[in-house]
Amino acid sequence: MLNAFVLSAGRLIQVPALVPEDLSRPEVLWVDMVDPTDDERELVQKVFKLELPEDEEVKDLEESARCYVDENGVHMSSFFLSHSEDEYANVTVSFLLNQGRLLTIRQDELAVFRLFRLRARVQPGFVSTAQEILLAIYDAAVEYDADVLEAIYTQLDGVSRRVLDRSAEMTDEIMGQALAELAGHEDINGKVRLDLMDTRRALSFLLRSRVLATAQEGDLREVLRDLESLNNHSAFLFDKINFLMDAVMGLINLAQNKIIKIFSIASVVFLPPTLVASIYGMNFAHMPELAENWGYPAALVLMVLSGISPYWFFKRKGWL
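Thresholds applied
- Residue numbers run consecutively from 1 along every chain, following the written order of its sequence.
- Per-residue local features are limited, in this predicted model, to residues with pLDDT of at least 70; the limit for side-chain atom pairs, both in listing and counting, is 80 or more; totals at the level of whole chains, interfaces and linings are taken over all residues.
- Processing note: side-chain calculations cover all non-hydrogen atoms of the structure and skip hydrogens and water entirely.
- Counting from the N terminus, the helices are DSSP H or I runs at least four residues long and the strands are E runs at least two residues long.
- Type-normalised accessible area, obtained with a 1.4 Å probe on protein chains alone, sets the label of each residue: buried when under 20%, exposed when over 50%, and partly exposed for intermediate values.
- Only heavy atoms matter for contacts: two residues are in contact if any of them lie within 4.5 Å across the pair.
- Accessible areas in this description were obtained via Shrake-Rupley with a 1.4 Å probe; residue shielding takes into account the shown protein chains only.
- Here, a salt bridge means any Lys or Arg side-chain nitrogen found within 4 Å of an Asp or Glu carboxyl oxygen.
- For helices, the fitted line uses only the C-alpha atoms of the stretch in contact; every axis is such a line through C-alpha atoms, and the angle between N-to-C directions lies from 0 to 180 degrees.
- Comment on the angle field: the value is read as roughly parallel under 35 degrees, roughly antiparallel over 145, roughly perpendicular from 65 to 115, and oblique elsewhere.
- Left-handed describes a crossing whose near helix is turned anticlockwise from the far helix through less than a right angle; right-handed describes the clockwise counterpart.
- Whether two strands pair depends on DSSP finding at least two bridges between them.

**Student:** Requested: an account of the overall build of the chain, with residues and values cited.
**Tutor:** Looking only at helices and strands, the chain features 9 helices and 7 strands. Within the chain, the proportion of its 320 residues that are buried is 39%. Excluding contacts between residues fewer than 6 apart, the proportion of contacts in the chain whose partners are at least 24 apart in sequence is 65%. For the chain, the exposed area adds up to about 18000 Å²; of that, 57% sits on carbon and sulfur atoms.

Below you can see the structure in the form of structure tokens.
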């Protein structure tokens, strides 16, 4: 999909019924490509006389390949958080500032871009240059990451109440569910942290590239400060997740110890009766009581007493 946007009365408006001639219009500030076809890529390269990066190049994690300046302008590639069907992923978006225009390439539609388009369409003067569009997109991305971290904290609060509430029984099902939720939150938090780190690297490069006005550099530094606070909050969430994970594992160990304790008590109770039964089961000739009518009942009574006695002794000592 290929879209172009122009300013109209201070608002960023999408060009309707886009034709190739529209891309070369001087008032076009933003050309957005979402999973572009080969024909669309060829059209953009022909109109702007440049070479668009391939998917493999965009996914390269080396900074020298993700952020650089050449004769075509400023190239940047960054991770953006994507959410679909309860799954989070880091999607790479490629930016190119070229002669007063911003070109973006990505493989998926992202909530950050939908949020930015909405703001730019309804707020007059929200953006006026390609550089401001780029900064506004990154600002929306940081806000989106903040919302995700806030949602993680809220959900962790629910897990914390279930894990630390000693008035309710902690069943195996609840403990398993808590572990699954904590693992999911840890995975999301890790992806958000990677997104924040990559965004910080891209914005630092943009600041060093000297393509922004003084006011825009001030806005960029504000975004960098927001990134720093979110990084600290993400680290706090990691600590909280690890604490809750340790708490759940401790409860699992306690449950296992209770089971082992039951088997220990059973072995203490049944070992002496088993010894008595084994002795009388040998039917020695020198056991005349076995021939008496009271011999068998007496053996049973002895077995019961031998089982109760050690249990009572250990219980009195507080060892059980």
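**Student:** Provide a residue-level description of the pattern of salt bridges, including the pertinent values.
**Tutor:** Evaluation of the coordinates by the stated rule reveals 12 salt bridges. In this structure, arginine 162 and glutamate 181 form a salt bridge, with 3.0 Å as the shortest nitrogen-oxygen distance. Taken together, the residues arginine 162 in helix H6 (residues 130–164) and glutamate 181 in helix H7 (residues 172–208) connect sequence positions 19 residues apart. What makes arginine 162 partly exposed here is its relative accessible area of 33%. The partner of aspartate 187 in a salt bridge is lysine 191, and the shortest N-O contact between them spans 3.2 Å. Of this pair, aspartate 187 and lysine 191 are both found in helix H7, 4 residues apart, which corresponds to roughly one turn of the helix. By relative accessible area, which is 38% here, aspartate 187 ends up partly exposed. If you follow the salt bridges from partner to partner, you end up with Asp32, Arg106, Glu109 and Arg117 in one network.

**Student:** Go over the packing of helix H5 (residues 111–122) against H6, please, and point to the residues and values.
**Tutor:** Viewed as axis vectors pointing N to C, H5 and H6 meet at an angle of 125 degrees, and their least axial separation amounts to 9 Å. If you check the angle between H5 and H6, you find them oblique. Viewed along their axes, H5 and H6 form a crossing whose handedness is right-handed. When H5 is examined against H6, the residues Ala111, Val112, Phe113, Leu115, Phe116 and Arg119 are found in contact with a partner set consisting of Ile133, Ala136, Ile137, Ala140, Ala141, Glu143 and Tyr144.

**Student:** Hey, could you go over the pairing of strand S7 (residues 101–106) for me, with residue numbers and the actual values?
**Tutor:** The element S7 is extensively covered by neighbouring structure, given that 6 of its 6 residues are classed as buried. The pairing of strand S3 (residues 28–34) with S7 spans 5 bridges and is classified as parallel. Pairing of tryptophan 30 across the sheet is with leucine 102, part of S7. Across 5 bridges, strand S6 (residues 87–98) lies against S7 in antiparallel orientation. When the bridges of S7 are listed, leucine 97 appears paired with leucine 102. Between the antiparallel neighbours S6 and S7 lie 2 residues, among them glutamine 99 with a positive phi of about 50 degrees.

**Student:** Quick one: what's the story with the environment of glutamine 155, residue by residue and with numbers?
**Tutor:** Residue position: glutamine 155 is located in helix H6. Residue glutamine 155 is classed as partly exposed on the basis of its relative accessible area of 42%. For glutamine 155 and histidine 185, which are 30 residues apart along the polypeptide, the C-alpha to C-alpha distance reads 8.5 Å.

**Student:** Account for the packing of H6 against H7, naming residues and giving values.
**Tutor:** Relative to each other, H6 and H7 sit at 160 degrees, their axes nearing to 10 Å. The pairing of H6 with H7 is recorded here as roughly antiparallel in orientation. For the pair H6 and H7, the sense of crossing is left-handed.

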